[in-house]
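Topology and contacts: notes
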Amino acid sequence: MKKRLFLWVGLPLMTSLSLAGCQQKTLNSNTIPSNSTTSNSSSIEKEPMIIPENKATDSEYAFEFDSVTFSPSPTPSSGTNYYTPEEFAFTYKEVRDGEIYFDPATTGSQRILVIPVKFQDDATISSCRNYVGGCDKALTDIEKAFFGDPSYTGWESVSSYYYKSSYGKLKLQGRVTDWFTVDKTSRQINGLSTQIYADQSYYVLREAAKWYEQNYGDLEYYDQNNDGYVDAIWLVYDHPYSTLGNNIWWAYTFWDYQNTASGLKPYTYAWASVDFLYEGLYQQNGVAVADAHTFIHETGHVLGLDDYYNYDENSTYGAAGKIDMMDYNIGDHNAYSKMLLGWTMPKVVTGDTTITIAPFESSGDCILVRGDSTWNQTAMDEYLLIEFSTPTGLNYLDSLQPYTGGVQHFTESGIKIYHIDSRLGVFDYWGNLSYYTDTLTGEPSIVHSNTTQSRSTDEFLIHLLEATGTNTFQYGRSATNETLFQKGDTFTPSQFANFFANGTRFNDGTEIGYSITIDEITTNSATITFKKV
């Protein structure tokens, strides 16, 4: 499904290995009430938090950025018939800005405000009351899940994950407030008119922002680019999540386009139940500890990434293979996502060559293959993308056992070959594709997604090819170790024609044009040969 301006992005529903459908949210231009009554959970002394540069937050649990070090990739950036661009012709951020998303920064230091939310019917619907330690412990665990050192969690915090995934390029910082109690019951919030609020959580967002300013200080600290919008707010609500599609009790990311208030406004926000905090069932010394998987996934949306699972309830085709943070919430981000976010640049093949790459999770090494000289010099094009996958680093924990939903990361090392179709297109007023483009003219968007939309072709955004040559993802199966290419395996366009809508050609009609042979795989490197065909 094309993620257009008025579409919220939710995480995949793991229950019984099914997927939650995406819901279209049609915005209404009616004037929004001022909601002048502000709710207070308690009287809190104002204490603007100025976060130390080296810490994710100002607390005893904080992740310290200098606790992790990175080494440059040990492999050459260029060689015979391949090179690494210094920069892209234009960035994904420029595309998103044209779509009026106003995403937070994906490099440098970026602050996120986290506000835990309670409702007037807290005594009967509270989730955190059911956990050992109650809501006080849950509040501390929220801080650990977002900004804590990994040792306080079952895996990583949101901050530590993104610092590692970005190879130190993104430092997510912020604070977690006290519980904010909105002035309505959960039933009243869910029952707010969608003729007034495109999403009922808008009301909570606006009230929470006003409450923060009254109790903690100016929100300008969280508008780092000074565009008049809070860069990102996380709302963690104390209510059980639901898999039903007729309420707001799930996890998703959205944008408050309807806020007509003057002054600094909240805009990009994520919304998820406190129950996700313990979804992984992690424990230390018999005590439940924070699990950040869902919060990491939704933060990927906050930064601008799409879902890589299929929203189509009538299709089981999961082209990305489920083993990815933006698919089934596990492991590291893939090379395509990191190219979009500005964390890595590919080695680009221009002719017959042999290239050695290091493990992707630690080096950022990846290889881009385009069959002719028509690559548009951006991540928003069609190409093959190759990375060396290893069950190490951010992939390690999820390789030991299946995460919620039954999907387990690769337990062996090997080569992933993706077919990426991230071409840009200009859409008409009705949301229909007018034409593809390689420029920013006309406010283009990425055309394809991983939702089938009842298409008879395989024009997916990101399709992981299966080394076996058999397409099992179309039947709802997840990637396994057998999906990875190993030493001696070869890709040719004719051999894998069944994975492409146009046989030996890309979706745009150009020839794929290369064979790919895996020459060698060791613990620290993989060597791959490319030949024109």
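So, here's what we can say about the structure.

Reading the values: the criteria
What you see as residue numbers is a count from 1 along each chain, following the sequence as written. pLDDT decides what is reported in this predicted model: residues at 70 or higher carry local features, side-chain atom pairs at 80 or more are listed and counted, and totals for whole chains, interfaces and linings draw on all residues regardless. Each side-chain value is worked out from all heavy atoms of the structure, with water and hydrogens disregarded. Helix and strand assignments follow DSSP, with helices taken as H or I runs no shorter than four residues and strands as E runs no shorter than two, numbered in order from the N terminus. Remark: exposure states derive from per-residue accessible area (1.4 Å probe, protein chains only) relative to the maximum for the residue type, with buried under 20%, exposed over 50%, and partly exposed in between. Here a residue-residue contact requires only that any non-hydrogen atoms of the pair lie within 4.5 Å. Residue exposure ignores everything except the shown protein chains as possible cover, and the areas themselves are Shrake-Rupley values with a 1.4 Å probe. Here a strand pair is declared whenever DSSP counts at least two bridges between the two strands. Think of a salt bridge as a Lys or Arg side-chain nitrogen and an Asp or Glu carboxyl oxygen that are within 4 Å of each other. The rule for a disulfide is simple: a pair of cysteine sulfur atoms within 2.5 Å. Lining residues are defined by having an atom within 4 Å of a point belonging to a cavity or pocket. Those points lie on a 1 Å grid over the protein atoms alone, cavities being sets where a 1.4 Å probe fits but cannot get out and pockets being open sets with protein on both sides within 12 Å along at least five of seven lines. Grid points are joined across faces, edges and corners, and a volume is the space filled by probe spheres set on the points. Each residue is assigned to one of three groups, with Ala, Val, Leu, Ile, Met, Phe, Trp, Tyr, Cys and Pro labelled nonpolar, Asp, Glu, Lys and Arg labelled charged, and all others, Gly among them, labelled polar. Pairs were defined over the aromatic rings of Phe, Tyr and Trp, the Trp ring being its six-membered one, requiring ring centres within 6.5 Å. Orientation was assigned from the angle between planes: stacked under 30 degrees, edge-to-face over 60, tilted for the rest. Geometrically, a charge over a ring is one whose NZ (Lys) or CZ (Arg) sits within 6 Å of the ring centre while staying within 35 degrees of the ring normal.

1. Some words on the overall build of the protein chain
Scanning the protein chain for helices and strands turns up eleven helices and 24 strands. Expressed as a percentage of its 533 residues, the buried residues of the protein chain come to 60%. Once local pairs closer than 6 in sequence are excluded, the contacts in the protein chain between residues at least 24 apart make up 72%. Summing over all exposed atoms, the protein chain offers an accessible surface of approximately 19,900 Å²; the carbon and sulfur share of this is 47%.

2. With respect to the sheet that holds strand E22 (residues 490–491)
The strand order across the open sheet built from four strands is E14-E24-E23-E22, with neighbouring strands paired in antiparallel fashion. Each edge of the sheet is formed by a strand with only one pairing partner; in this case those strands are strand E14 (353–357) and E22. Pairing analysis gives two bridges linking E22 to strand E23 (residues 514–521), with the strands arranged antiparallel. Bridged to Phe491 within E23 is Ile516.

3. Quick notes on the pattern of salt bridges
Opposite charge on two side chains permits them to pair, given that their charged atoms come into close proximity. All chains considered together, the criterion is met by 16 salt bridges. The salt bridge involving Lys93 is made with Asp97; its shortest N-O contact spans 3.0 Å. Pair noted here: Lys93 and Asp97 are both in helix H1 (residues 92–98), with a separation of four residues, about one helical turn. For Lys93, a relative accessible area of 29% puts it in the partly exposed group. Residue Asp256 pairs with Arg206 through a salt bridge whose shortest N-O separation is 2.8 Å. Separated by 50 residues along the polypeptide, Asp256 in the loop between strand E8 (252–255) and strand E9 (265–266) and Arg206 in helix H6 (residues 201–215) bring together distant segments of the chain. For Asp256, a relative accessible area of 2% puts it in the buried group. On the basis of relative accessibility, which here comes to 6%, the residue Arg206 falls in the buried class. Each of the salt bridges in this network shares a partner with another, and the network as a whole consists of Lys118, Asp122, Arg129 and Asp238.

4. Structural notes on unusual backbone geometry
The phi torsion at Asn81 lies on the positive side, around 65°, for a residue other than glycine. Its location among the elements puts Asn81 in the loop between strand E1 (9–10) and strand E2 (82–83). Accessibility expressed as a relative area gives 34% for Asn81, which makes it partly exposed. Unusually for a residue other than glycine, Leu281 sits at a positive phi of about 60°. Its place among the elements puts Leu281 in the loop between strand E10 (268–273) and strand E11 (283–284).

5. Regarding the state of the cysteines
All chains considered together, the criterion is met by one disulfide. The disulfide partner of Cys128 is Cys135, and the S-S distance across this bridge is 2.0 Å. Because the sign of the S-S torsion sets the handedness, a value of about 85° for the bond joining Cys128 and Cys135 places this disulfide among the right-handed ones. The same class applies to Cys128 as to Cys135, namely buried.

6. A look at the layout of surface pockets
Of the volumes computed, that of the second largest pocket is approximately 350 Å³. Residues belonging to the lining of the second largest pocket are distributed by class as follows: ten nonpolar, ten polar and three charged.

7. A word on empty space enclosed by the protein
Rolled over the atoms, a probe as big as a water molecule pinpoints where empty space is left. Inspection of the entire model under this criterion finds three cavities of 30 Å³ or more. Taken as a whole, the second largest cavity holds about 100 Å³ of empty space. Among the elements of the structure, helix H10 (360–363) and strand E16 (382–389) are those that each provide at least two residues to the lining of the second largest cavity. Tallying contributions element by element places E16 first for the lining of the second largest cavity, with three residues.

8. Points about the packing of aromatic side chains
Aromatic ring pairs are reported here in terms of the distance separating the ring centres and the angle at which the planes meet. Under the defined criterion, the tally for this structure stands at 43 aromatic pairs. With 5.2 Å between their ring centres and 45° between their planes, Phe146 and Phe295 make a pair best called tilted. Within this pair, whereas Phe146 is found in helix H3 (residues 134–147), its partner Phe295 is found in helix H7 (residues 293–302), the two being separated by 149 residues in sequence. Judged by relative accessible area, which is 2%, Phe146 ranks as buried. Since its relative accessible area comes to 1%, Phe295 is described here as buried. Three or more aromatic residues link up through ring pairs in this structure, and these residues are Phe180, Trp211, Tyr212, Tyr216, Tyr221 and Tyr222. Its end group placed over the ring of Trp179, Lys118 keeps NZ or CZ at 4.7 Å from the ring centre.

9. Quick notes on H7
Within H7, ten of the ten residues are buried, which leaves the element mostly enclosed by the surrounding structure. Residues of H7 that are buried: His293, Thr294, Phe295, Ile296, His297, Glu298, Thr299, Gly300, His301 and Val302. Positioned one or two residues after H7, Gly304 has a phi angle of 120°, which is positive.

10. Structural notes on the sheet that holds strand E17 (residues 414–421)
As summarised here, the arrangement of the six strands in space is E2-E13-E15-E16-E17-E21, forming an open sheet in which the pairing is mixed. Pairing within the sheet leaves two strands with one partner each, and these edge strands are E2 and strand E21 (462–464). Examined bridge by bridge, E17 and E21 share three bridges and lie antiparallel to one another. Counterpart to His419 in the pairing with E21 is His463.

11. Some details on the pairing of strand E7 (residues 233–237)
Most of E7 is tucked away: five of the five residues are buried. Burial of the side chains of E7 extends over both faces: Ile233, Leu235 and Tyr237 are buried on one face and Trp234 and Val236 on the other. One ladder, built from five bridges, connects strand E3 (residues 108–118) with E7; its direction is parallel. From the neighbouring strand, Val114 faces E7, where its bridge partner is Trp234. Here E7 pairs with E10 via five bridges, running parallel. Its bridge partner being in E10, Trp234 is matched across the sheet by Ala270.

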